Amino acid sequence: MADRGRGGGRGGGRGTFRGTGKTTGGPAQPTLDKPRREAILDLSKYVNEKIRVKFTGGREVTGILKGYDQLLNLVLDEVEEEIAEPEPHRRTLGLVVLRGPTITLLSPVDGSEEIENPFLAAE
């Protein structure tokens, strides 16, 4: 009981390590010598451009990229879903938010074309 209020006992000395004078908690200071991590995929050049997105499970949509975040969550406008079964048709969805973990393929619509498979054996 004699130590109450003087920093001893359980939980005492809050904010400093005993004998070091260093404080605990608070935000960590960033190191200046560490290079900033760059994103693997730079989507900024595709903002306001039409892109095609394929998902796990086979769904495929096209739309205009309006925004994104570091987790690859996307905001697309004027979205159309291409449905292949039972008969091919399109369904208009409008403005949607796509979750990044479900995306398997992302490509621009403009400037992409189908090419011949270079891995097929020449006949």
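Everything here concerns the structure above.
The sections below set out a description of the structure shown in this document. (Residues numbered from 1 in each chain as written. Predicted model: local features only at pLDDT ≥ 70, side-chain atom pairs only at ≥ 80, totals over all residues. Heavy atoms only, no water.)

## Focus: the nonpolar core
One finds L43, I51, V53, F55, V61, L65, L74, L76, V79, V96, L98 and I103 forming the largest nonpolar core, which totals twelve residues. Counting residues per element, the ones that place at least two in this core are β1 (50-55), β2 (60-68), β3 (74-83) and β4 (89-98). For L98, the residues in contact, after removing those within four places along its chain, are V53, F55, V61, L72, N73, L74, L76 and I103. (Core = buried A, V, L, I, M, F, W, Y, C linked by side-chain atoms within 4.5 Å. Buried < 20%, exposed > 50% of the residue type's maximum accessible area, 1.4 Å probe, protein only. Helix = DSSP H or I, 4+ residues; strand = E, 2+ residues; numbered from the N terminus. Contact = heavy atoms within 4.5 Å.)

## Some thoughts on the pattern of salt bridges
Under the definition given, this model contains six salt bridges. When the shortest N-O distance is used, the salt bridge between E60 and K54 registers 3.8 Å. The shortest N-O distance in the salt bridge between E81 and R91 comes to 2.5 Å. Taken as a pair, E81 in strand β3 and R91 in strand β4 lie far apart in primary sequence, ten residues in all. The network of salt bridges with common partners includes R52, K54 and E60. (Salt bridge = Lys/Arg side-chain N within 4 Å of Asp/Glu carboxyl O.)

## Some remarks on the pairing of β4
Relative to β4, β3 is paired through eight bridges, and the arrangement is antiparallel. Residue pairing across strands places E82 opposite R90, the latter belonging to β4. Once β3 ends, the chain turns through five residues before running back antiparallel as β4. (Pairing = 2+ DSSP bridges.)

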